[in-house]
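Listed below are the residues making up each chain.
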Amino acid sequence: MVAYGAEQRVRLPALRAGWLTQTFVHWPFRPEAVQALLPGGLVVDEYEGAAWVGLTPFVMADVRPPGVPASLPGLPTFAETNLRTYVRRHRDDRDGLWFLSIEVAFPPMVAARAIGAPYNPGTLRVSKDGDTVSYSGSRWIGDASYRLVVRPGDPIDPTERDVWLTSRWRAYTSRLGMLWETPVEHEPWPLAGAAVDGLEETLTAAAGLREAPLGEPLVHFSKGVRHVRLGPSRPCVPERVHQPS
């Protein structure tokens, strides 16, 4: 089972931040279709016989690199949107995230490509209008884009499936033929239900996932978590891994 709370302490974070105004839109796909996008060393994690791909837009706030104390201002607030799926390592069955793409409105974050994080700089917006929240983004290079309008609902007590879709405590990337692992620690997500008022996106096709999902999306909203601690990324397997074509 996926843990509801953080699985490890990140005592010396490489980055501190808040992840705010976050929406989770999850579609079920054939596991074989998603597995084809993963590097060797990782297998798709399934729930109820399906692989799940999530579109997760949010706001990065109070971002602090190492050495920046709480008494000083952090980096400017900016929007980010992840397209992600859920995986396990062959070697030890440890679950985590694999990012199919990451859209970001703060170009210096692209430096994380050094460990294989698929950052794409672009123009992103997050806004609130009455009881709806709108997200949009377009890449500076290429034509991948999205527009999402959601209507957050009432808070929920998370079910097993809700936890499985939202709670992961490490991310995997692939660079120089190696898998890398980045640990994360934060408080459990406060979740609410949500309804989609509008959704257009080309991110899944741009990532190589061109077939239709197996069903309608599941949607959650969260006001966010304010005490995120990302640990240093480190290689996690010695052998070379196959990059997806």
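Preceding block: the structure.
Residues numbered from 1 in each chain as written. Predicted model: local features only at pLDDT ≥ 70, side-chain atom pairs only at ≥ 80, totals over all residues. Heavy atoms only, no water.

Asks: Kindly report on the pairing of strand E9 (residues 145–155), identifying the contributing residues and their values.
Replies: Of the strand pairs in this sheet, strand E8 (residues 132–139) and E9 are connected by 6 bridges, and their pairing is antiparallel. Residue Val133 lies in a different strand from E9, and its bridge partner there is Val150. Across 8 bridges, the pairing between E9 and strand E12 (residues 191–201) is antiparallel. Paired with Tyr146 across the bridge in E12 is Glu201. (Pairing = 2+ DSSP bridges. Helix = DSSP H or I, 4+ residues; strand = E, 2+ residues; numbered from the N terminus.)

Asks: Give a detailed account of the pairing of strand E7 (residues 119–129), specifying residues and quantitative values.
Replies: Where strand E6 (residues 95–104) lies against E7, 3 bridges are found, and the strand directions are parallel. Looking at E7, one finds that Glu103 is bridged to Asn120. In terms of strand pairing, E7 meets E8 through 8 bridges, oriented antiparallel. Of the residues in E8, the one forming a bridge with Leu124 is Gly137. Joining the antiparallel neighbours E7 and E8 is a turn of 2 residues, in which Gly130 adopts a positive phi near 65°.

Asks: Help me get a handle on the environment of Thr77, residues and values and all.
Replies: With respect to the helices, strands and loops of the structure, Thr77 is situated in the loop between strand E4 (50–64) and strand E5 (78–89). Exposure remark for Thr77: the relative accessible area of 53% places this residue in the exposed category. Along the primary structure Thr77 and Pro65 are separated by 12 residues, whereas in three dimensions their C-alpha atoms are 13 Å apart. Beyond its immediate sequence surroundings of up to four residues, Thr77 is in contact with Val59, Met60, Ala61 and Asp62. (Buried < 20%, exposed > 50% of the residue type's maximum accessible area, 1.4 Å probe, protein only. Contact = heavy atoms within 4.5 Å.)

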